[in-house]
Amino acid sequence: MSKVKYDITRAIRQYSDDSLNLKEILRKKIPQERKRIQEFRKEHGNFKVQDVTINMMYGGMRGLTALVTETSVLDPNEGISFRGIPLQECRKILPTTAGGKEPIPEGFFWLLLTGNVPSQAQANAVSKEWAQRAELPPHVIKVLKIIPKSVHPLSQLSAAVTVMNSESKFRKAYASGIAKADYWEYAYEDAMDLIARLPIIAAIIYKNSFKKGAKVGKIDSSKDWSYNLAKMLGYDNPEFIELMRLYLSIHSDHEGGNACAHTIHLVGSTLSDPYLAYAAGINGLAGPLHGLANQEVLIWLNRLREQIGDKATKEQLADFIWKTLKAGQIVPGYGHAVLRKTDPRYIAHREFAQQYLPNDPMFQLVSKIYEVVPDILTQLGKVSNPWPNVDAHSGVLLQYYGLTEMSYYTVLFGVSRALGTMASLVWDRALGLPLERPKSVSTDCLIELVKESRNKSSI
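About the criteria used
Residues numbered from 1 in each chain as written. Predicted model: local features only at pLDDT ≥ 70, side-chain atom pairs only at ≥ 80, totals over all residues. Heavy atoms only, no water. UniProt positions renumbered as here; feature names shortened; annotations may be inferred. Helix = DSSP H or I, 4+ residues; strand = E, 2+ residues; numbered from the N terminus. Expected span 1.5 Å × (residues − 1). Bend = angle between axes of the 7 residues up to and from the residue. Buried < 20%, exposed > 50% of the residue type's maximum accessible area, 1.4 Å probe, protein only. Phe/Tyr/Trp six-rings, centres within 6.5 Å; stacked < 30°, edge-to-face > 60°. Lys NZ or Arg CZ within 6 Å of the ring centre and 35° of its normal. Core = buried A, V, L, I, M, F, W, Y, C linked by side-chain atoms within 4.5 Å. Contact = heavy atoms within 4.5 Å. Salt bridge = Lys/Arg side-chain N within 4 Å of Asp/Glu carboxyl O.

The name given to the protein in an unreviewed UniProt entry is Citrate synthase, with Diabrotica balteata as the source organism. Its UniProt record gives the protein the following Subcellular location (unreviewed entry) comment, quoted word for word: "Mitochondrion matrix". Quoted straight from UniProt, the Sequence similarities (unreviewed entry) entry for the protein says "Belongs to the citrate synthase family."

Description of helix H20 (residues 409–430)
Between its first and last C-alpha, H20 extends 32 Å over 22 residues, near the 32 Å set by a 1.5 Å rise per residue. A bend of about 35 degrees at Ala418 is the largest found in H20. With 22 of its 22 residues buried, H20 lies for the most part within the structure. Looking one or two residues past H20, Gly432 carries a phi angle of roughly 65 degrees, positive in sign.

Remarks on the packing of aromatic side chains
Under the counting rule described, the total for this entry stands at 16 aromatic pairs. A centroid spacing of 5.5 Å and a plane angle of 55 degrees characterise the contact between Phe109 and Trp130, whose relative ring orientation is tilted. Of the two residues, Phe109 is situated in helix H5 (residues 105–114) and Trp130 in helix H6 (residues 120–132); the sequence distance between them amounts to 21 residues. Each member of the pair, Phe109 together with Trp130, is buried. A cation over a ring is seen here: Lys223 above Tyr227, with NZ or CZ 5.1 Å from the ring centre.

Overview of the nonpolar core
In globular proteins that are soluble, nonpolar side chains generally tend to be buried together. Grouped together as the largest cluster of nonpolar side chains are 117 residues, with contacts concentrated most on Leu157 and Tyr278. Broken down by element, this core gets its largest block of residues, 15 residues, from helix H10 (residues 183–210). Look past the residues within four positions of Tyr278 in its chain and what remains in contact with it is Leu157, Val161, Leu194, Leu198, Ile264, Gly414, Val415, Ala418, Thr421 and Met422. Counting five residues, the second-largest nonpolar core is a separate cluster that includes Phe170, Ala173, Ile178 and Tyr183.

What to know about the pattern of salt bridges
Taken as a whole and judged by the stated rule, the model has 20 salt bridges. Between Lys23 and Glu189 there is a salt bridge; the shortest N-O distance is 2.6 Å. Note that Lys23 is positioned in helix H2 (residues 22–44) and Glu189 in helix H10, a separation of 166 residues in sequence. Judged by its relative accessible area of 14%, Glu189 falls in the buried class. Two residues, Glu129 and Arg133, come together in a salt bridge whose shortest N-O distance is 2.9 Å. Counted as one network, the salt bridges with shared partners bring together Lys23, Glu24, Arg27, Glu129, Arg133, Lys169, Glu185, Glu189 and Asp193.

So, in structure tokens, the structure goes:
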């Protein structure tokens, strides 16, 4: 697939009238996109994008291009781009806070939803609107209070969001018989409400699970989304708040084929409301092959430290890594299903660490590993991508600032991923995408197809 190029001057279209809010801009853009896609499909709908092999069918559909996701694209050689703009470029051009360096997630959400880079005023307006929408329904608070703290934090998040679907404006509008063309408006309302409430839900889960039910503070309407989450968790270190802005932004979307994003799209295609679709995706995020990866990295790093210490030489590291591989285990945090180079999200975290915690022993260890592992995996000859992904670094940063409860990390991942998946879900409804229902066949059918093909070719 060819790389999608971006026009930075087109993307940075600052609206002279900042009174045009996010929903009004969508109201203008959606008819244009509907027409553009309709004309494209009319002319090129039968164009063959890619052959499907049997290995793709058995191999988790790896390499199969079969989904449309407008918000982001993952290029094997360039990494993630949001609406065509590479991650590192987004960090330079999206709005920040006064005195801050990292872009705020509100700007990422605006970009993901509209395809345009917002002005500072527009990003700030999203912050205020989320603060206004943040109040939790009383029954959600009750549910969170009665869930035993032994229940995994991500399960608590899923449960809270599931019961919050009682507030779904999409569900109520659908029941009243609204026109299909208007579905997006109510999906948008639910998406905004859901994202706005996630920091409070996440903070309550953290306090109940790890801080003996300590009180969660109130949302500060003068501050941004990340600030409020960090403060309600109990962290007021400006560096940690900047880390939250970075973390929540760069985890926000990773095109549509990853497990949680695909699940949310699939469940949403049944016209389940955004709350239920998001909760389903969160359950997918709980798997060790998806959202738990940064925990596995930390466990492996701690085992490495116990055996060879913080000041291990490259030779000692290489020996430990070879032993890990020869024992039939993997080096967690390295390799990616799509990427064929160092994950730009890893680079973003590395740059943050170089600025704020260059002397941290764990960061220095991660840096040494970065110098050793790719060469070893290349020598092994079985790994298509020997480079680190985002999970190789993210947990180290959270640990440094005192957020040591590893089982909570997937909650932060889930809060962040709401940005991209909800933006996509709004567009799914805006474009009228149908119920997703791919055709499946049995192994016997595939064997017969291969036989028939061979018989025809031999005639």
